Structure formats: C-alpha cells, structure tokens
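# Structural description and commentary
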Amino acid sequence: MARQSNGVSAISRVVMILDTFSFEAPFLSLSEIAERAAIPMSSAHRIVTELVEHGLLERMPDRSYRVGNRLWEMGSRTPGALGLREIALPFLHAIQSRVRQHTQLLVRSGLDVLVIERLSSRDAVVNASIVGGRIPMQHSSSGIVLLANADDEVLARVLERGLSPITGSSLATPEQLRDAVAAARRTGFAVSEGWIFEESRGIAVPVRGSQEVVVGTVSVVVPNDHSPVDDLVRLLRLAAEGISEALLRSYLPPGHPHARAGGVYRQLVSSSDRSMEYFEQLLEEHGSAVHDGQVNSAVQER
C-alpha cells in the first residue's frame with residue numbers, strides 16, 4: 001500500500017479526512033478539514049477533490065463540504081450495525097409506544113457507544129443523543145452494559161482516558177465505574193441517573209447475537225424521578241430477547257425451516273415476508289445487478 005513521506009498510508013489519510021466530520025460539524029471548509037485531520041493543505045485538497053469525484057464528499061455552494069450520500073449508500077449494504085437496526089426497529093417501536101419518551105439502539109465503537117437508532121416523543125425529557133452520535137461509555141447506561149460484557153482491557157482503557165464527569169451525579173472515580181460495571185454484570189442491566197442531564201435517567205439491557213455475544217443494547221431515556229425500574233427492565237428485556245431471536249434467525253442459511261425469508265437480504269432488510277420473497281426472486285432473476293445494490297433498475301425492468 002502506498003505511503004506518504006511521513007509513513008501514513010493513502011487510505012489512512014482518507015479515513016482521517018472522513019473522520020473530521022461529526023454531528024457538531026457536518027459542514028467543513030477545506031482549511032478546517034486539513035486542520036482537523038492534521039494533513040497539509042495540498043494533500044487535503046487532492047484527497048478531498050477525489051472524494052468529491054466519487055460522491056463520498058459533496059461540495060456545497062459556499063465551498064464547504066459535507067459527507068456524501070454515496071457513503072451512506074455503501075454503509076447501508078453492511079450486515080453489521082445497519083442490519084441490526086433493521087431487525088430491531090419493530091421492537092423499538094413497540095417499546096416507544098409504551099414508554100413515550102426516548103427509545104434507543106446502541107452499539108460499541110471503540111471506547112464510545114454509537115447511537116444507530118433513536119425514537120423520541122416531542123414532549124420527552126431532555127436527551128442529547130442523535131443517530132450517528134457517540135457517547136463515552138462511562139456516561140451512559142448502555143456503555144456500562146457494554147463494559148460489563150467486554151474484556152477487562154476495555155475498562156482499563158476507559159479509565160486511562162479519564163472519566164470527565166458531566167454532572168454531580170456522574171461516575172467520577174474508578175471505584176464508582178468498577179462498581180457500576182460489576183452491578184451490570186450481576187443484574188444484567190444498568191441505570192444511569194442524571195449522569196448527563198440531572199433530570200434524565202437511562203436504562204439499558206444487552207442484545208445478544210450468535211453464541212451469546214453482546215452485539216448492542218436497547219435502552220430508554222426517561223425522567224429521573226427515582227421510581228422503580230422493574231417494569232421498564234422487563235419491557236426492555238422482552239424486546240431484547242425478540243431482537244436476539246430475530247438476529248439468530250437471520251444467521252441461518254436460506255432454506256432452513258427457521259430462517260427469515262429473503263435469503264441474502266435477511267441481514268440487511270426487515271420487511272414483510274412477501275417483500276423478502278420478492279427481493280429473493282429479483283436476485284434469482286437478475287443476479288449480480290441486485291447483489292450490487294441496483295434493485296431499482298431491476299424493478300424497472302419488470
């Protein structure tokens with residue numbers, strides 16, 4: 001792989017540039033991209049120009065840049081977090097219909113939790129998380145659940161990075177964090193009372209995939225009124241079990257009596273059985289055109 005004079009590969013520089021964008025900074029100028037990525041302006045200009053040509057970045061009328069739709073399109077083809085989101089979405093709606101506050105699906109990303117879906121009511125309690133946003137693991141109930149199901153090395157790295165408490169109720173010492181993780185291991189859920197906003201409380205349980213591996217969490221953010229959490233924990237566990245069961249079915253090979261309909265689409269799409277059968281029929285009739293994501297053109301040919 002080609003490397004620059006400073007030893008950083010070309011692909012690494014592309015990733016560094018794409019990583020400069022965030023929900024706080026969705027639009028960046030070329031100079032801001034170069035500064036955030038710590039890349040010389042000339043190199044940033046060349047890479048950004050190529051990314052624009054390929055649709056991975058888009059140039060705005062004011063000469064700023066944003067992440068391009070093609071990057072979202074590529075990400076939507078993965079059976080990872082987006083596949084989990086598709087499978088979990090009906091269960092999240094069921095939770096939200098009962099709670100009417102905030103319902104979330106999160107996965108681990110490094111030492112943070114990544115929000116891949118959130119449903120919210122307009123009159124719900126304050127919650128600053130957004131889809132695609134990250135939260136340090138020590139600040140959220142989901143992060144504690146994921147730490148409880150991760151190697152001890154991950155907890156050590158979180159402690160090394162520092163806890164940086166946000167409110168007076170946040171976890172502020174290594175002992176408090178270790179106690180919270182131990183409690184989550186013991187009970188199978190976590191509660192964060194006022195860790196980010198004093199008036200808000202998060203409650204999370206794990207979602208398990210193949211071989212009982214924790215692949216994410218389902219959580220709610222509700223008013224921090226110190227009321228019992230038993231009913232909410234039961235509701236979350238019921239949904240998590242349903243998501244896990246659907247995930248396990250998605251891993252089964254086509255033709256298995258308990259597999260989800262839809263063949264290769266089963267880890268990417270959650271739709272009606274007839275729709276899944278239709279997608280599979282398109283694949284059989286049009287082969288790689290459908291596999292390459294060109295479903296619309298295949299449909300138009302019919």
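Above this text you will find the structure in question.
Read on for a plain summary of the structure.

Cut-offs applied
- Residues numbered from 1 in each chain as written.
- Predicted model: local features only at pLDDT ≥ 70, side-chain atom pairs only at ≥ 80, totals over all residues.
- Heavy atoms only, no water.
- Axes fitted to C-alpha atoms, helices over the stretch in contact; angles between N-to-C directions.
- Helix = DSSP H or I, 4+ residues; strand = E, 2+ residues; numbered from the N terminus.
- Parallel < 35°, antiparallel > 145°, perpendicular 65-115°, else oblique.
- Contact = heavy atoms within 4.5 Å.
- Nonpolar A, V, L, I, M, F, W, Y, C, P; charged D, E, K, R; others polar.
- Buried < 20%, exposed > 50% of the residue type's maximum accessible area, 1.4 Å probe, protein only.
- Polar contact = N/O pair within 3.5 Å; in protein donor to acceptor, adjacent residues only side chain to side chain.
- Pairing = 2+ DSSP bridges.
- Salt bridge = Lys/Arg side-chain N within 4 Å of Asp/Glu carboxyl O.
- Arc of directions from axis to C-beta.

### Details of the packing of helix α6 (residues 141-148) against helix α8 (residues 174-187)
- Relative to each other, α6 and α8 sit at 75°, their axes nearing to 8 Å. What the angle tells us is that α6 and α8 run roughly perpendicular. Taking contact as the criterion, the partners of I144, L147 and A148 in α6 are, on α8, L177, A180, V181, A184 and R185.
- Looking at the contact of α6 with α8 residue by residue, the class counts come to 7 nonpolar, no polar and 1 charged.

### Here's the deal with the environment of H102
- Residue placement: H102 occurs in strand β3 (residues 102-109).
- The class for H102 is buried, based on a relative accessible area of 5%.
- For the pair H102 and S120, spaced 18 residues apart in sequence, the C-alpha separation works out to 4.5 Å.
- Excluding anything up to four places from it in sequence, H102 contacts Q96, R118, L119, S120, A124, V125, V126, N127, S219, V220 and V221.
- Side chain to side chain, H102 and S120 meet in a polar contact 2.7 Å long.

### Some points on unusual backbone geometry
- Positive phi outside glycine occurs at Q211, with the angle close to 60°.
- Mapped onto the fold, Q211 is located in the loop between β7 (200-208) and β8 (214-223).
- Phi angles above zero are rare outside glycine, and E212 is one such case at about 65°.
- One can find E212 in the loop between β7 and β8.

### Some remarks on the pairing of β7
- Of all the 9 residues making up β7, 8 are buried; the element is thus mostly covered by neighbouring parts of the structure.
- Between the end of strand β6 (residues 190-193) and the start of β7, which pair antiparallel, lie 6 residues, with G194 showing a positive phi angle near 70°.
- Judged from the 9 bridges that link them, β7 and β8 form a sheet pairing that is antiparallel. Residue pairing across strands places R201 opposite V222, the latter belonging to β8.

### Quick look at the side chain of Q96
- Take Q96: it is sitting in helix α5 (residues 81-99).
- A relative accessible area of 10% places Q96 in the buried class.
- Excluding residues that lie within four positions of it along the chain, Q96 makes contacts with Q101, H102, T103, L119, S120 and S121.

### Notes on the pattern of salt bridges
- Throughout the structure, instances matching the rule amount to 12 salt bridges.
- Among the salt bridges present, the one from E58 reaches R66, with a minimum N-O distance of 2.8 Å.
- Overall, E58 belongs to the partly exposed group, its relative accessible area being 22%.
- For the salt bridge of R161 with D112, the shortest nitrogen-to-oxygen distance reads 3.1 Å. Of this pair, R161 sits in helix α7 (residues 152-161) while D112 is found in strand β4 (residues 112-120), placing the two residues 49 residues apart along the sequence.
- Through salt bridges with shared partners, a single network forms among R85, E86 and E117.

### What to know about α7
- Within α7, burial applies to V154, L155 and V158. Down the axis of α7, the buried set is contained in an arc of 100°. They therefore lie on one face. Along α7, the residues that are exposed and aim more than 90 degrees away from the buried face are D152 and E160.
- In this fold, the buried residues of α7 make contact with β3, α6 and α8.
- G162 occupies a position one or two residues after α7 and carries a positive phi of about 105°.

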